[in-house]
Amino acid sequence: MNTLELAAVTKSFPGQRALDNVDFTVAKGEIHALLGHNGSGKSTLIKIMSGFYLPDGGPASYSVAGHSMKFGDGVGVGRAGVRFIHQDIGLLDDLTVLENLRLGSGTYDAGLLGRIRWGSERAAAVARLNDLGLDHIDPDAVVGRLSAVERTEVAIARALDVESAISVLVLDEATAALPSGQVEHLFALVRRLVARGVGVVYVTHRLEEVLAIADRVTVLRDGEVVLRSQVADLTQQSLARVIAGMDVGPV
Ligand code: ADP
Ligand code: MG
C-alpha cells in the first residue's frame, strides 16, 4: 500500500510548464527514484510535496498514510511524518553535531543553547546517532569540519527527530556533493531506514545510483513522466536511452 500519493500535479512558472500532470507514489519500505536531467522538474515536484510551492489549479491531489494533505501545508506534511533533505542540507557549520541535532528542524535561537538540559539532551542525541548506525560521528565535532557524507548523515539524523513517526524520507540530490567513495555510506544509512519501513523518495540525475539503490524509478523529461518501471526490469542502456529522449525500445 502506498504511504504517499501525489496525483495529477501540474506546475507552471512564468513562460514555462515545469510539471505536466505528474503522478508519484511511494510505498512503505520502498525506494522510489525520481530521475531526470537538470531542469526536468524533480525539485519542483519535491517542493510541492513539502508545501513550498502550490501546484496549478486543477484536479491535483495529495495524501500521506491515507490522510488527505492540503497543498502548501508544510506543517501538516511534517506532522504526517514526511521529512526532506534538500540539496542545500542546511546545517549550521559553526556548531557541533549535538548542537545541530538539538536545534532540529525548528527555529534557531542561539540563546537557548546555553539553557538546555544538556545531560539528557546529549544522551538522547548520542542515542539517536547510535541507533542510526552513525556512532563513527563524534558528537562534539564542529559540523563544518566533518566529511561531506558525515554532514549528510547528520542532516538525516536531524530530520529524523521523532523517528518512530517518520513515514517518508525525501532525499533531493543527496549525493551531489559527495566524493564517489562516500556514496555507499549514505546508501547503507538509507537501507537501514528502509528496513524499518520508511519509504524513500530518492531524487537524482545519476542513473547508476538508481540502478544501485532504487526499487522503482520514475523518469521525468521536461516536466513529463516518460517512464515508470521496477528497476529490476531495466538495464543501464535502456534507462540511458529514456533519459536521453530516444525511444524506449526494448527494456
Ligand atoms: P530539476 O530539479 O529536475 O533540476 P527544477 O524542478 O529545479 O528541475 O526545475 C524545473 C524547471 O522549472 C527548470 O526549467 C527551472 O528553470 C524552472 N524553475 C524552477 N523553479 C523556478 C522558479 N522559482 N521560477 C521560475 N522557474 C523555475
Ligand atoms: Mg533539482
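An unreviewed UniProt entry lists the chain under the name Sugar ABC transporter ATP-binding protein, with Nocardioides marmoriginsengisoli as the source organism.

Moving on, we get to the overall build of the chain. Across its full length, the chain holds nine helices and ten strands. Taking 18 Å as the expected radius of gyration for a compact globule of 251 residues, we find that the chain reaches 19 Å, a close match to that expectation. For the chain, the spread of C-alpha atoms along the principal axes amounts to about 60 × 40 × 35 Å. A burial count over the chain gives 36% of its 251 residues as buried. In the chain, the share of contacts with a sequence separation of at least 24, taken over all contacts with a separation of at least 6, comes to 68%.

So, on to the pairing of strand 3 (residues 31-35). The buried count for strand 3 comes to five of five residues, which makes it a mostly enclosed element. Side chains Ile31, Ala33 and Leu35 of strand 3 all project onto a buried face; the interleaved residues His32 and Leu34 project onto the opposite face, where all are buried too. With five bridges connecting them, strand 3 and strand 8 (residues 199-204) associate as parallel partners. The partner of His32 across the bridge, within strand 8, is Val201. By the bridge criterion, four bridges tie strand 3 to strand 9 (residues 216-221) in an arrangement that is parallel. The residue of strand 9 that forms the bridge with Leu35 is Val219.

Let us now look at the sheet that holds strand 3. Taken in spatial order, the six strands line up as 6-7-8-3-9-10 in an open sheet, and their pairing is mixed. Strand pairing shows two members of the sheet lacking a second neighbour, strand 6 (82-85) and strand 10 (224-230), which therefore form its edges. Neighbour-to-neighbour, the strand axes of this sheet turn through a mean angle of 15 degrees, independent of strand direction. Along the sheet, helix 1 (residues 42-50) contacts strand 3, strand 6, strand 7 (168-172), strand 8 and strand 9; its crossing angle with strand 7, the most-contacted strand, is approximately 145 degrees. On the sheet, helix 7 (residues 180-195) packs against strand 3, strand 7 and strand 8 and is oriented at approximately 150 degrees with respect to strand 8.

This paragraph deals with the nonpolar core. Residues Leu45, Val170, Val200 and Tyr202 are the most contacted members of the largest nonpolar core, which totals 63 residues. With sequence-adjacent residues up to four places away left out, Leu45 is seen in contact with Val9, Leu19, Val22, Phe24 and Leu34.

So, on to the sheet that holds strand 1 (residues 2-13). Here four strands make up an open sheet; going across it, the order is 2-1-4-5 and the pairing antiparallel. Each of the sheet's edge strands pairs with one partner strand only, and the pair in question is strand 2 (16-27) and strand 5 (67-68).

With that settled, the discussion passes to the packing of helix 6 (residues 148-159) against helix 7. Contact geometry of helix 6 with helix 7 gives a least axis separation of 9 Å together with a crossing angle of 20 degrees. Taken together, the axes of helix 6 and helix 7 lie roughly parallel to each other. Once helix 6 is placed against helix 7, the crossing between them reads as right-handed. Of the residues in helix 7, those in contact with Ala148, Val149, Thr152, Glu153 and Ile156 of helix 6 are Gln182, His185, Leu186 and Leu189. Considering only residue class, the contact of helix 6 with helix 7 consists of five nonpolar, three polar and one charged.

Here we take up the environment of Val126. Among the structural elements, Val126 can be located in helix 5 (residues 118-131). Separated by 29 residues in the primary sequence, Val126 and Val97 have C-alpha atoms spaced 9.7 Å apart.

Across eight bridges, the pairing between strand 1 and strand 2 is antiparallel. Each bridged residue has a counterpart across the sheet, and for Asn2 the counterpart in strand 2 is Ala27. Between strand 1 and the antiparallel strand that follows it, strand 2, lie two residues; Gly15 among them carries a positive phi value of about 80 degrees. When strand 1 meets strand 4 (residues 61-64), the two strands line up antiparallel, connected through four bridges. Each residue of the ladder has a partner; that of Ala7, found in strand 4, is Ser61.

Here we take up the environment of Leu211. As for its placement among the helices and strands, Leu211 is situated in helix 8 (residues 207-213). Leu211 gets classed as partly exposed once you count the C-beta atoms within 10 Å, which come to 16. As a C-alpha pair, Leu211 and Ala232 span 21 residues in sequence and 8.1 Å in three-dimensional space. Excluding anything up to four places from it in sequence, Leu211 contacts Val231 and Gln236.

Conventions we followed
Residues numbered from 1 in each chain as written. Chains lettered and ligands numbered in written order. Predicted model: local features only at pLDDT ≥ 70, side-chain atom pairs only at ≥ 80, totals over all residues. Helix = DSSP H or I, 4+ residues; strand = E, 2+ residues; numbered from the N terminus. Rg over C-alpha atoms; globule rule 2.2 N^0.38 Å. Buried ≥ 20, exposed ≤ 12 C-beta atoms within 10 Å, placed from the backbone. Contact = placed C-beta atoms within 7 Å. Pairing = 2+ DSSP bridges. Axes fitted to C-alpha atoms, helices over the stretch in contact; angles between N-to-C directions. Core = buried A, V, L, I, M, F, W, Y, C linked by C-beta atoms within 7 Å. Parallel < 35°, antiparallel > 145°, perpendicular 65-115°, else oblique. Left-handed = near helix turned anticlockwise from the far one by under 90°. Nonpolar A, V, L, I, M, F, W, Y, C, P; charged D, E, K, R; others polar.

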